[in-house]
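Spelled out from the first residue to the last, the chains are:
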Amino acid sequence: MSVNNETSIKYFYMLLFSGETEYKPLISIFFFFIYSMYFFISVGTAEDILLFIMAYDRYVAICIPLHYHQILNPRNCTLITIGIWVAAFLNSLLFVVSALNMSSCHSNIIHQFFCDIKSLTRTTCATTQMFSEITGIEIFIFVFIPLLSTCISYVNIFSIIFKMKSKESRRKAFSTCSSHVTIIIIYYGTGLIGNIIPPYSYVLDSVFNIVYATIIPILNPIIYSLQNANVQSALLEFVK
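Fair warning: this is a prediction, and the values are worked out from it, not measured in the lab.

Student: Teacher, can you tell me more about the confidence of the model for the chain here?
Tutor: It should be kept in mind that the predicted coordinates are not to be read in detail where pLDDT is low. Predicted confidence across the chain gives a mean pLDDT of 77, with 63% of residues reaching 70 or more. Least confident of the elements in the chain is strand β1 (residues 7-8), whose mean pLDDT is 50; most confident is helix α3 (residues 68-71), at 92. Across residues 1-7, confidence stays below pLDDT 50; counting only partners more than four residues off in sequence or on other chains, it has 18 contacts.

The following block contains the structure:
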């Protein structure tokens, strides 16, 4: 449905992931909550912070191992987990409130099967000052700062690893960090690629987002589980 004049956005229409929704109401409701504007941003924000926390966990384990159980004790881990989700939900709430105040003069159809910032801004004539400010603050706090902190953590980690005299100790340390570094490269690399796709390329955007929303989450547990000895043995048997 096209909107020629500037109007307040009351409804958004997202493309259907599947046209057979009439006989699958529970599945439709389930995917609606997964891919709506609010929960998508909440989970993305939580993952940004969690990737940094995991880097900090490896920093403490390798650089100051004697203080590991004191710094990352069960109480602190519980508080960190609660803090991550509280920050994620509050950030998403601010984003949704600012998005509802935007006006549309193009279309209220989002050409994706979930609502992301890039697709949302395509429906508007111009973003509001509040929306632009919140988006900028969000990128700085929940993307730039965690990524920078993660890089600093790994600079310190690798500086300690290269100073280790034992080759076996270096191998174990690199093995501990390799899966997490791989996930960070995939996560931020695909996110960067998604943002540089031309704005007029809806088909390419859709294909990329399907890969980003399905293939990437599937790869995460596989990459992390490669450090498991039983998984490694099973893979070796499979290759043979």
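Having seen the model, we can carry on.
Student: What is the right way to read the environment of I222 from this model?
Tutor: Here I222 shows up in helix α8 (residues 202-225). We classify I222 as partly exposed; its relative accessible area is 43%. Distance in space between the C-alpha atoms of I222 and S179 is 9.6 Å, their sequence separation being 43 residues.

Student: Whenever I open this one, the packing of aromatic side chains confuses me. Can you help?
Tutor: Following the criterion strictly, the structure yields eight aromatic pairs and no others. An aromatic cluster of at least three residues, connected via ring pairs, comprises Y154, F158, F162 and F174.

Student: What am I meant to see in the UniProt feature "transmembrane region" (unreviewed entry) in the chain here?
Tutor: UniProt marks residues 26-56, 77-100, 139-161, 173-194 and 206-226 with the feature "transmembrane region" (unreviewed entry), using the numbering shown here. Overall, residues 139-161 shows 100% helix and 0% strand. The separation of its end C-alpha atoms is 31 Å.

Student: When you look at the pattern of salt bridges in this model, what are you seeing that I'm missing?
Tutor: Side-chain pairs of opposite charge can arise where the charged atoms are in close proximity. Counted under the stated rule, the structure contains two salt bridges. One salt bridge in this structure joins R58 and D57, with 3.9 Å as the shortest N-O distance. Take D57: its relative accessible area is 22%, and that puts it in the partly exposed class. The shortest N-O distance in the salt bridge between R171 and E168 comes to 2.8 Å. Residue R171 and its partner E168 are both found in helix α7 (residues 167-196); the two are separated by three residues, about one turn of the helix. Relative accessible area serves as the criterion here: at 38%, E168 is assigned to the partly exposed category.

Student: Just to check I follow, could you spell out the side chain of D48 for this structure?
Tutor: Mapping D48 onto the fold places it in helix α2 (residues 37-63). Notably, D48 is buried but unbridged: the nearest opposite-charge side chain belongs to R58, and the N-O separation is 15 Å. The residues touching D48, leaving out its near neighbours within four places in the chain, are F142, V143, P146, Y187 and Y188.

Student: How should the side chain of S42 be read in this particular structure?
Tutor: With respect to the element layout, S42 can be found in helix α2. Of the polar contacts made by the side chain of S42, one reaches the side chain of S92; its length is 3.3 Å. Not counting chain neighbours up to four residues away, the residues in contact with S42 comprise W85, A88, F89 and S92.

Rules used in this analysis
Residues numbered from 1 in each chain as written. Predicted model: local features only at pLDDT ≥ 70, side-chain atom pairs only at ≥ 80, totals over all residues. Heavy atoms only, no water. pLDDT = per-residue confidence, 0-100. Helix = DSSP H or I, 4+ residues; strand = E, 2+ residues; numbered from the N terminus. Contact = heavy atoms within 4.5 Å. Buried < 20%, exposed > 50% of the residue type's maximum accessible area, 1.4 Å probe, protein only. Phe/Tyr/Trp six-rings, centres within 6.5 Å; stacked < 30°, edge-to-face > 60°. UniProt positions renumbered as here; feature names shortened; annotations may be inferred. Salt bridge = Lys/Arg side-chain N within 4 Å of Asp/Glu carboxyl O. Lys, Arg positive; Asp, Glu negative; His and termini not counted. Polar contact = N/O pair within 3.5 Å; in protein donor to acceptor, adjacent residues only side chain to side chain.

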